[in-house]
Amino acid sequence: MRETDVDRPSRQGVELLELRNNPAFRLKIIAFVIAIFNALLFQSYLAEKQKTGASSVLRKISLGSSLVLWSGILVLGRAIAYV
């Protein structure tokens, strides 16, 4: 039987539900939420403090955590297929 365009969306929905159980996907989503929170924190709080020259350590921590989180998101995105 030939696959039609009507059958394709329903099968993709099933594949998305299967992703929910993938541990790499879950870790990627958690890292993504933390990275977004980190970016919002940097934009709202640390960028204002940059004008005064205060909180240099917090900016470095935010930068380092951002690099680690986004690198982890890339690696976990590739790991989804292997887990």
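Located above this text is the structure these notes cover.
Residues numbered from 1 in each chain as written. Predicted model: local features only at pLDDT ≥ 70, side-chain atom pairs only at ≥ 80, totals over all residues. Heavy atoms only, no water.

Draft legend 1. Molecular detail of the overall build of the protein chain. From N to C terminus, the protein chain includes three helices and zero strands. Taking all 83 residues of the protein chain together, 14% fall into the buried category. Across the protein chain, the fraction of contacts at a sequence separation of at least 24, relative to all contacts at a separation of at least 6, is 68%. Split by element, the accessible area of the protein chain, about 6700 Å² in all, is 67% carbon and sulfur. (Helix = DSSP H or I, 4+ residues; strand = E, 2+ residues; numbered from the N terminus. Buried < 20%, exposed > 50% of the residue type's maximum accessible area, 1.4 Å probe, protein only. Contact = heavy atoms within 4.5 Å. Areas by Shrake-Rupley, 256 points an atom, 1.4 Å probe, with all protein chains shown as cover.)

Draft legend 2. View of the environment of V33. Examined against the element boundaries, V33 turns out to sit in helix 2 (residues 23–52). A residue is classified by how much of its surface remains accessible, and V33, at 52% relative accessible area, is exposed. Measuring from C-alpha to C-alpha, the distance between V33 and L69 comes to 9.8 Å, with 36 residues separating the pair along the chain.

Draft legend 3. Summary view of a nonpolar patch on the surface. Nonpolar side chains collect at one region of the surface, where F37, L41, Y45, V57, L58 and I61 lie side by side and expose about 600 Å² of accessible area between them. Elements that contribute at least two residues to the nonpolar patch include exactly helix 2 and helix 3 (56–79). Relative to the helices and strands, F37 is located in helix 2. Classification of F37 by relative accessible area gives exposed; the value is 59%. (Patch = residues over 30% accessible without salt bridge, like charges linked within 9 Å, V, L, I, M, F, W, Y side chains within 5 Å. Salt bridge = Lys/Arg side-chain N within 4 Å of Asp/Glu carboxyl O.)

Draft legend 4. Representation of the packing of aromatic side chains. Per the counting criterion, the structure on display carries one aromatic pair. Consider the rings of F32 and W70, whose centres lie 5.7 Å apart with planes at 85°: the pair is edge-to-face. Placement of F32 in helix 2 and of W70 in helix 3 is noted, with a sequence separation of 38 residues between them. Given a relative accessible area of 36%, W70 falls into the partly exposed group. (Phe/Tyr/Trp six-rings, centres within 6.5 Å; stacked < 30°, edge-to-face > 60°.)

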